[in-house]
Amino acid sequence: MEKRKNKYFKTDDVITYLAGAGCGKTTSLMNELQETLKIYQPDEIAFVSISRKASAEVRNRAELMGMDYSPDSFPYFKTLHALCYMLNDYASKDKTIINKADTELFAKVTNYSFDIHERLEGNRKKEASGQLFFDLYALERSTGKPPDYRLVFPRQSYEDFKELYELFKSQAKVIDYHDCLTDYLNEGETIDRVKVAFIDEAQDLTVQQWNVCFKAFAKAKHIRIAGDDWQSIFAFQGASPQMFIQVAETGKIVKLEESHRMPKKVAALAEKIVQTI
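So, here is what we can say about the structure in this document.

Procedures and definitions
Residues numbered from 1 in each chain as written. Predicted model: local features only at pLDDT ≥ 70, side-chain atom pairs only at ≥ 80, totals over all residues. Heavy atoms only, no water. Pairing = 2+ DSSP bridges. Helix = DSSP H or I, 4+ residues; strand = E, 2+ residues; numbered from the N terminus. Axes fitted to C-alpha atoms, helices over the stretch in contact; angles between N-to-C directions. Core = buried A, V, L, I, M, F, W, Y, C linked by side-chain atoms within 4.5 Å. Buried < 20%, exposed > 50% of the residue type's maximum accessible area, 1.4 Å probe, protein only. Contact = heavy atoms within 4.5 Å. Polar contact = N/O pair within 3.5 Å; in protein donor to acceptor, adjacent residues only side chain to side chain. Salt bridge = Lys/Arg side-chain N within 4 Å of Asp/Glu carboxyl O.

## Some details on the sheet that holds strand β2 (residues 45–49)
So, point 1. Here 6 strands make up an open sheet; going across it, the order is β3-β2-β6-β7-β1-β8 and the pairing parallel. Two strands bound the open sheet, and with one partner strand each, they are β3 (77–79) and β8 (252–256). Pairs of neighbouring strands in the sheet enclose a mean axial angle of 15 degrees, with direction left out of account.
So, point 2. Where strand β1 (residues 14–19) lies against strand β7 (residues 222–227), 5 bridges are found, and the strand directions are parallel. Bridge pairing in β7 links leucine 18 to glycine 227.

Written out as structure tokens, the structure reads:
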């Protein structure tokens, strides 16, 4: 397939591995990474994903493939939030990620309850009256579109609540994970050192996260992406499989169609069923 001018990254060498579950997307990226390390230094390569689980899997695979992996030698092998946290240098600004105690204090100020940290611990509160605020504000920043908040906060307008939250974070010198992305997009600089960027699980990136990739890797010579729009299940958090496909279509697409997780007959039947939905 001929390369087409990519309007998102400033290079023509953008390849997307498009494949279903178990078809070798991440393996393809890892194989390319192994070859890339023969040409470029580890700190000239970025490998990003949206989840800690996916990042951990990449690190484990790197070690199994015999790569001499260490966080210091591969500084840009991170989740996108962790990458932005590092680039924003919050430590020098005396800012930390909002924690459970901070959330509990904010809950007292607003007379609402939140369960964001309980969720991370595997629990949920049935009466988390203010959690919709966090969820809607997160969605707004992920998509760049304000939600219809009028039916959500009858006691206090969404804009007032948002202003109070921002004031609290400013006074407490805390940030949330979305601030990492927002602050980088507003104030951060392109990573000049990165020559090759790998983007895994790309179907689950939000528009905001894509914009981080476009900015951070604007000077990269080679972009490698892996994803499957059929596996995108995080639309409620702002994931944009449509953006993934748009980016893929401006570069070269490599389709991996053979599943290594299930028999061909099962995969074919599953695909047939999905097409009827």
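Past the structure itself, the notes keep going.
## Some remarks on the nonpolar core
So, point 1. Phe9, Ile199, Trp210, Phe217, Ile223 and Ile225 are the most contacted members of the largest nonpolar core, which totals 36 residues.
So, point 2. Looking at this core, the elements that each hand over two or more residues are β1, β2, α3 (80–88), α8 (177–187), β6 (196–199), α9 (207–216), β7 and α10 (241–249).
So, point 3. When residues in this core are grouped by element, the largest group, 5 residues, is from α9.
So, point 4. With near-sequence residues (within four places) excluded, isoleucine 223 lies in contact with Phe9, Thr11, Asp13, Val14, Ile15, Ala197, Ile199 and Phe217.
So, point 5. Listed in part, the 18 residues of the second largest apolar core include Leu33, Met67, Phe77 and Ala226.

## A look at the environment of threonine 190
So, point 1. You can see threonine 190 is positioned in the loop between α8 and β6.
So, point 2. Residues threonine 190 and lysine 215, 25 residues apart in the sequence, show an inter-C-alpha distance of 5.6 Å.
So, point 3. Once residues within four sequence positions are removed from consideration, threonine 190 is found in contact with Tyr184, Lys215, Ala216, Ala218 and Lys219.
So, point 4. Of note is the side chain of threonine 190, whose polar atom sits 2.9 Å from the backbone oxygen of lysine 215.

## Focus on the side chain of glutamine 208
So, point 1. With respect to the helices and strands, glutamine 208 occurs in helix α9.
So, point 2. Residue glutamine 208 is classed as buried on the basis of its relative accessible area, which comes to 7%.
So, point 3. Contacts of glutamine 208, omitting those with residues within four sequence positions, involve Arg141, Ser142, His178, Leu181, Thr182 and Leu185.

## Some thoughts on the side chain of serine 28
So, point 1. The topology assignment puts serine 28 in helix α1 (residues 25–36).
So, point 2. When its relative accessible area of 15% is taken as the criterion, serine 28 is described as buried.
So, point 3. Apart from residues lying up to four places away in sequence, serine 28 is in contact with Tyr17 and Leu256.

## A short note on the pattern of salt bridges
So, point 1. In total, this model carries 13 salt bridges according to the counting rule given.
So, point 2. Of the charged contacts, one joins aspartate 176 and arginine 141 as a salt bridge, the two residues approaching to 2.9 Å between their closest N and O atoms. Here the residue aspartate 176 occupies a position in the loop between β5 (174–175) and α8, and arginine 141 occupies one in helix α6 (residues 131–143), the gap between them amounting to 35 residues.
So, point 3. Look at aspartate 176 and you get buried, because its relative accessible area is 7%.
So, point 4. When the shortest N-O distance is used, the salt bridge between aspartate 176 and lysine 169 registers 3.5 Å.
So, point 5. Overall, the relative accessible area of 3% leaves lysine 169 in the buried class.
So, point 6. Taken together, the shared-partner salt bridges in this structure form one network comprising Arg141, Glu166, Lys169, Asp176 and Asp179.

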